[in-house]
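# Fold and geometry: a report
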Amino acid sequence: MFDDLTTKAVRASLDGLAMRQRVQANNIANIETPGFKAKRVDFETALSQAISSGDGASDVRATISTSPLAARQDGNNVNIDEETLGSTETGLRYQLMLRAMDDRYGLVSTVLKGVR
């Protein structure tokens, strides 16, 4: 029951979003570090492919790449506006996925209570 495609996809999303949140926090922490290159996390592409192919989402791995944004004079390319907006969006998506997981387990709980 908890190993179906939907549950796997939600878990993979939560893992990818948590990694994205850590990377964004690291980017913000290094905003004043000369030569630091911001990183980006992508898991949506792999998740979409896994779901489309029917392989399931348990093997989805997030990838980390360097941001293509232009660097400042000190070689750092962290954009605080982009990081702040991205961090807010990531937090909201994470909450949405938690709600989906909670609803999923809540449905199972309701069914089990009705079986007694």
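I will try to describe carefully the structure that is included in this document.

### Topic: the overall build of the chain
Within the chain one finds three helices and two strands. Reading the chain from its N end, one meets helices and strands in the order α-β-α-β-α. Whereas a compact globule of 116 residues would reach a radius of gyration of roughly 13 Å, the chain reaches 18 Å, over 25% beyond that. Judged by the C-alpha coordinates and their principal axes, the chain covers about 65 × 30 × 15 Å.

### Notes on the environment of A50
Considering the arrangement of structural elements, one finds A50 in helix α2 (residues 44-53). Relative accessible area serves as the criterion here: at 11%, A50 is assigned to the buried category. Between the C-alpha atom of A50 and that of V60, which follows or precedes it by ten residues, the distance is 7.1 Å.

### As for the nonpolar core
In terms of nonpolar packing, the biggest core is built from seven residues, these being A9, A12, L17, F43, L47, A50 and V60. Among the elements of the structure, α1 (5-29) and α2 are those that each provide at least two residues to this core. In terms of residue count, the dominant contributor to this core is α1 (three residues).

### Examining the packing of α1 against α2
Packing of α1 against α2 brings their axes to within 10 Å, and their N-to-C directions diverge by 170°. Regarding the angle of α1 to α2, the classification is roughly antiparallel. In this structure, α1 contributes L5, A9, A12, S13 and R20 to the contact, and α2 contributes E44, L47 and I51. When its residues are assigned to classes, the contact of α1 with α2 shows five nonpolar, one polar and two charged.

### Points about the pattern of salt bridges
The final tally for this structure, using the stated rule, is seven salt bridges. With a closest N to O distance of 2.6 Å, E82 and R40 form a salt bridge. Here E82, found in helix α3 (residues 80-115), pairs with R40, found in strand β1 (residues 39-42); they are 42 residues apart in sequence, far enough to count as distant. For R40, a relative accessible area of 22% puts it in the partly exposed group. The salt bridge involving R93 is made with E44; its shortest N-O contact spans 3.6 Å. Placement of R93 in helix α3 and of E44 in helix α2 is noted, with a sequence separation of 49 residues between them. Its relative accessible area of 38% is what places R93 among the partly exposed residues. Given the relative accessible area of 29%, E44 is considered partly exposed. Each of R20, E44, E89 and R93 takes part in a single network of salt bridges with overlapping partners.

The rules behind these values
Per-chain numbering applies: the sequence of each chain, read as written, is numbered from 1 onward. It should be noted that, the model being predicted, local features are given only for residues of pLDDT at least 70 and side-chain atom pairs only at 80 or more, the latter also being counted only at that level, while totals for whole chains, interfaces and linings use all residues. The basis for the side-chain values is all heavy atoms of the structure; hydrogens and waters are excluded. To qualify as a helix, a DSSP run of H or I must reach at least 4 residues; to qualify as a strand, a run of E must reach at least 2; elements of each kind are numbered from the N terminus. Put simply, the radius of gyration uses C-alpha atoms, and a globule should come to 2.2 Å times the residue count raised to 0.38. Note on classification: 1.4 Å probe, protein chains only; a residue is buried when its accessible area is under 20% of the maximum for its type, exposed when over 50%, partly exposed between these limits. Throughout, nonpolar core names a set of buried Ala, Val, Leu, Ile, Met, Phe, Trp, Tyr and Cys residues whose side chains join them through atoms within 4.5 Å. All axes are obtained by fitting lines to C-alpha atoms, using only the stretch in contact for helices, and the reported angles, taken between N-to-C directions, cover 0 to 180 degrees. To sort the angles, those under 35 degrees are grouped as roughly parallel, those over 145 as roughly antiparallel, those from 65 to 115 as roughly perpendicular, and the leftovers as oblique. Throughout, a contact is declared for two residues whenever any of their heavy atoms are within 4.5 Å. Only Asp, Glu, Lys and Arg are considered charged in this grouping, and only Ala, Val, Leu, Ile, Met, Phe, Trp, Tyr, Cys and Pro are considered nonpolar; every other residue, Gly among them, is considered polar. Note on definitions: salt bridges are taken to be side-chain nitrogens of Lys or Arg within 4 Å of carboxyl oxygens of Asp or Glu.

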